[in-house]
Amino acid sequence: MGKKQNYMNYRSITGFIFAIALCITLNSQAVEAKTVKVTMHAIETAVDIDNSGTKYDAWTFGGAIPGPVVRVKEGDLVDFTLINDKKNGNSHSMDFHAANVDVLDEFSPVKPGDSKHFKFQANSPGVFMYHCGAANMAQHITKGMFGIIIVDPKEGYSKAYPKPDREYVLIQSQYFKDSGDAMAIVNNVGWTNSLINGKIFHYDPLHSKGLANALESKPGERVRIFFVNANVNEPVALHPIAGIWERVYLNGNPKNIIHGMATINVAVSEALTVDIVSPSGRTTNNAIVDHTMKAALRGAITVLTNSPDADPKMGKGDKILPR
Ligand code: CU
Ligand code: CU
């Protein structure tokens, strides 16, 4: 009799625990998908395009090249507003490559002094370019109107998609010193430099004329790079000199894994995720380059220093896109 009672207690306790666990799971799933409000201002302003303070009349999202990093979770609703500053001289628009909408509606141009509001559900995990699509699009993109939206997978990290120790955003773009002639840009005439996160040799202390800070990690750490090819005419041959991409996730989707790549070709407007793991026990450096020499020597070289002295805050939180 006593035994049976114990058994019944055991059964009801297990059932109770199971019910609570189910509740928590269902609740956390319901809570997970949220609405993320994103507001951007189109701002036509002068920015520095190198580490020596050379000014350039840019068109931007939020006053800097590239625009702000947008980071959401798969399934989130992005509630977006574009405000086109009334001081601007041009119409601007927003084209999120992560959205499944109507090009003639959500992505249509906004006149100076006007604003545009739309929503989309970020249903595909990965990394995506966003950019202004107003005419002439080549000019608006080279002028600086682009950025990245990261859609983290709803499953989180796994064996196939391990948690990285550090994350960095690198966005490459073409710089035309004389960007007034839109058709010259379309025809790649007058392409003077390549920018990484808006600057020539931004994180390359060897080639930069001004003070440049390399990206940092500790020996043996997994560094994840979210890369966007925001060039208008040139593909990118992305290679980490003195290293190997341990994994490449095409379009940043954890399901699209390629192992052990030396160089990965990145099409115009493509975004992808690459992981690199440096040797442990010694300080090393990688030069992350566009192996296409005409782009590397125009500014597309980024140094990653793997040293025990690495700043513990770099490549984390809001420091994944060092300005
Ligand atoms: Cu624009
Ligand atoms: Cu596009």
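Residues numbered from 1 in each chain as written. Chains lettered and ligands numbered in written order. Predicted model: local features only at pLDDT ≥ 70, side-chain atom pairs only at ≥ 80, totals over all residues.

Enquirer: Which residues make up the overall build of the protein, and what are the values?
Expert: Within the protein, the secondary structure is distributed over four helices and 19 strands. Principal-axis analysis of the C-alpha atoms places the extent of the protein at approximately 90 × 55 × 30 Å. Looking at the protein as a whole, 42% of its 323 residues qualify as buried. Contacts in the protein between residues at least 24 apart in sequence constitute 72% of all its contacts with a sequence separation of at least 6. (Helix = DSSP H or I, 4+ residues; strand = E, 2+ residues; numbered from the N terminus. Buried ≥ 20, exposed ≤ 12 C-beta atoms within 10 Å, placed from the backbone. Contact = placed C-beta atoms within 7 Å.)

Enquirer: Mind laying out the sheet that holds strand E12 (residues 222-229), listing which residues take part and the relevant values?
Expert: A sheet is described by the order of its strands in space; here six strands give the open sequence E10-E9-E12-E17-E14-E15, paired in mixed fashion. Edge positions in the sheet fall to strand E10 (191-196) and strand E15 (257-261), since each has one partner strand and no second. On average, adjacent strands in this sheet sit at an angle of 20° to one another, irrespective of strand direction. Here four bridges tie strand E14 (residues 245-250) to E15, and the two strands are oriented antiparallel to one another. Within the sheet, the bridge partner assigned to Val248 lies in E15 and is Ile258. (Pairing = 2+ DSSP bridges. Axes fitted to C-alpha atoms, helices over the stretch in contact; angles between N-to-C directions.)

Enquirer: Explain unusual backbone geometry to me, and be specific about the residues and the numbers.
Expert: The amide bond that connects Ile65 to the next residue, Pro66, takes the cis arrangement and shows omega of -10°. Tracing the backbone shows Pro66 in the loop between strand E2 (55-61) and strand E3 (70-73). Each neighbour pair has its own omega, and for Ala135 with Asn136 the value is -10°, a cis peptide bond. Following the sequence through the fold, Asn136 ends up in the loop between strand E7 (126-131) and helix H2 (137-142).

Enquirer: Talk me through the sheet that holds strand E19 (residues 301-306); I want residue IDs and the actual numbers.
Expert: The sheet built from five strands is open, its strands ordered E11-E19-E18-E13-E16 with mixed pairing. Edge positions in the sheet fall to strand E11 (215-217) and strand E16 (264-266), since each has one partner strand and no second. Each strand axis lies, on average, 25° off the axis of its neighbour in the sheet, ignoring direction. Strand direction decides the pairing type here: strand E13 (residues 236-241) and strand E18 (residues 284-290), joined by four bridges, are antiparallel. Bridge pairing in E18 links Leu238 to Asp290.

Enquirer: How would you sum up the confidence of the model for the protein? Please name residues and give values.
Expert: Averaged over all residues, the pLDDT of the protein is 93; the fraction at 70 or higher stands at 90%. Here residues 22-30 is a poorly scored stretch, pLDDT under 50, and it has zero contacts once near neighbours within four places are set aside; other chains count. (pLDDT = per-residue confidence, 0-100.)

Enquirer: Tell me about the pairing of E10, residues and numbers included.
Expert: For E10, the tally of buried residues reaches five of six residues, placing the bulk of the element in the interior. For strand E9 (residues 166-176) and E10, the ladder comprises five bridges, and the chain directions are antiparallel. Bridge assignment links Tyr175 to a residue of E10, and that residue is Asn193.

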